[in-house]
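Okay, here's what each chain looks like letter by letter:
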Amino acid sequence: MKKKLVGIVSVLSILLATFGAFGGVKEAAAKESKQSKETTIYLVRHGKTWFNTQNQVQGFCDSLLTEEGEAQAKLVGEGLKDVKFTAAYSSDLGRQRKTAQLILDQNEKKVPQIIENKGFREKNFGGFEGQSNDDMNLAVAKALNLDYPEGSDELWDFLKEQLTEEELANKVAEVDPTKTAETYDQMKQRVEKAMPQVMKKAAKKGGNVLIVSSGGIIPILLESVAPGKYQGEKIANCSVTTLTYKDGEYTIKKIGDTSFVDQKE
């Protein structure tokens, strides 16, 4: 009889410990869910640069913002002046960092310090960096044996129609004479490292996050967090792409919005 009682007590102890463990896990999950707050991300392309005006390839290679580019950044800052940012990011490229600073300079709230993350750099175009965009585009068109238009803008639009973002990036890497240009997967991998780093911190606070990046990387970033949602929308200088994040899910609100910059017209 004594042995039976000891056995029953042991079983009850195990059951209580098990239910206690499950209860602890459930309580922790509920607590984590309660702590998760919605974060709004303002993803901005840098302002117009000297290379942009000269039709030069600009990836890891950098050039200063033009007067127009600085004015664009200030207009975005004025448009977002009432937004309280809990965090701000750019890459270590000067054009992105300067754009982020000009945006925050217009803000009427207490602003965060800009954190640099190399994951938000523009694409690395290898040996084409600093060269004419036309030379790079012609090299791609010739490698594909395409009957292409001669005009600069027409050729670029033509290539965008013929190839996906992934195909175009990989073809540029293939025809790069130095073989140092990034492939699509290499770009995607660094973006996929950067965003979790940002959101791990941001999601604890919620609120609003500013990220300044570049026209070639923003579509890849969007594809990495919300596959299939980016449909080739133009990412103009100082356009604002807005998305939200909560419980591991991203929702895209606007892509390539230029309404702040258009106020100067």
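Residues numbered from 1 in each chain as written. Predicted model: local features only at pLDDT ≥ 70, side-chain atom pairs only at ≥ 80, totals over all residues. Heavy atoms only, no water.

Visitor: Before we go on, may I ask you to explain the packing of aromatic side chains in this structure?
Guide: Each pair of aromatic rings is reported with the distance of its centres and the angle of its planes. Per the stated rule, a full pass over the model turns up 2 aromatic pairs. When the centroid spacing of 5.7 Å and the interplanar angle of 85° are considered together, the rings of Tyr42 and Phe85 count as edge-to-face. Here Tyr42, found in strand β1 (residues 39-45), pairs with Phe85, found in strand β2 (residues 85-90); they are 43 residues apart in sequence, far enough to count as distant. Note on Tyr245 and Tyr250: the rings are 4.7 Å apart at their centroids and 55° apart in plane angle, and the pair reads as tilted. (Phe/Tyr/Trp six-rings, centres within 6.5 Å; stacked < 30°, edge-to-face > 60°. Helix = DSSP H or I, 4+ residues; strand = E, 2+ residues; numbered from the N terminus.)

Visitor: Just checking my understanding: could you explain the pairing of β1 for this structure?
Guide: For a regular strand, the rule is simple: side chains alternate between the two faces of the sheet. Across the 7 residues of β1, 7 count as buried, placing the element largely inside the fold. Alternating positions in β1 separate into two faces, Thr39, Ile41, Leu43 and Arg45 on one and Thr40, Tyr42 and Val44 on the other, with burial throughout. Sheet topology places β1 next to strand β4 (residues 207-213); 7 bridges connect them, and they run parallel. Opposite Arg45, over in β4, you have Ser213 as the bridge partner. Pairing geometry for β1 and strand β5 (residues 240-246), over 6 bridges, is antiparallel. (Buried < 20%, exposed > 50% of the residue type's maximum accessible area, 1.4 Å probe, protein only. Pairing = 2+ DSSP bridges.)

Visitor: I tried to follow a negative patch on the surface on my own but got confused; where do I start?
Guide: A surface patch of like charges, here negative, comprises Asp153, Glu154, Asp157 and Glu161. Relative to the assigned elements, Asp153 resides in helix α6 (residues 152-162). The exposure class of Asp153 is exposed, given its relative accessible area of 57%. (Patch = residues over 30% accessible without salt bridge, like charges linked within 9 Å, V, L, I, M, F, W, Y side chains within 5 Å. Areas by Shrake-Rupley, 256 points an atom, 1.4 Å probe, with all protein chains shown as cover. Salt bridge = Lys/Arg side-chain N within 4 Å of Asp/Glu carboxyl O. Lys, Arg positive; Asp, Glu negative; His and termini not counted. Charge placed at Lys NZ, Arg CZ, Asp CG, Glu CD.)

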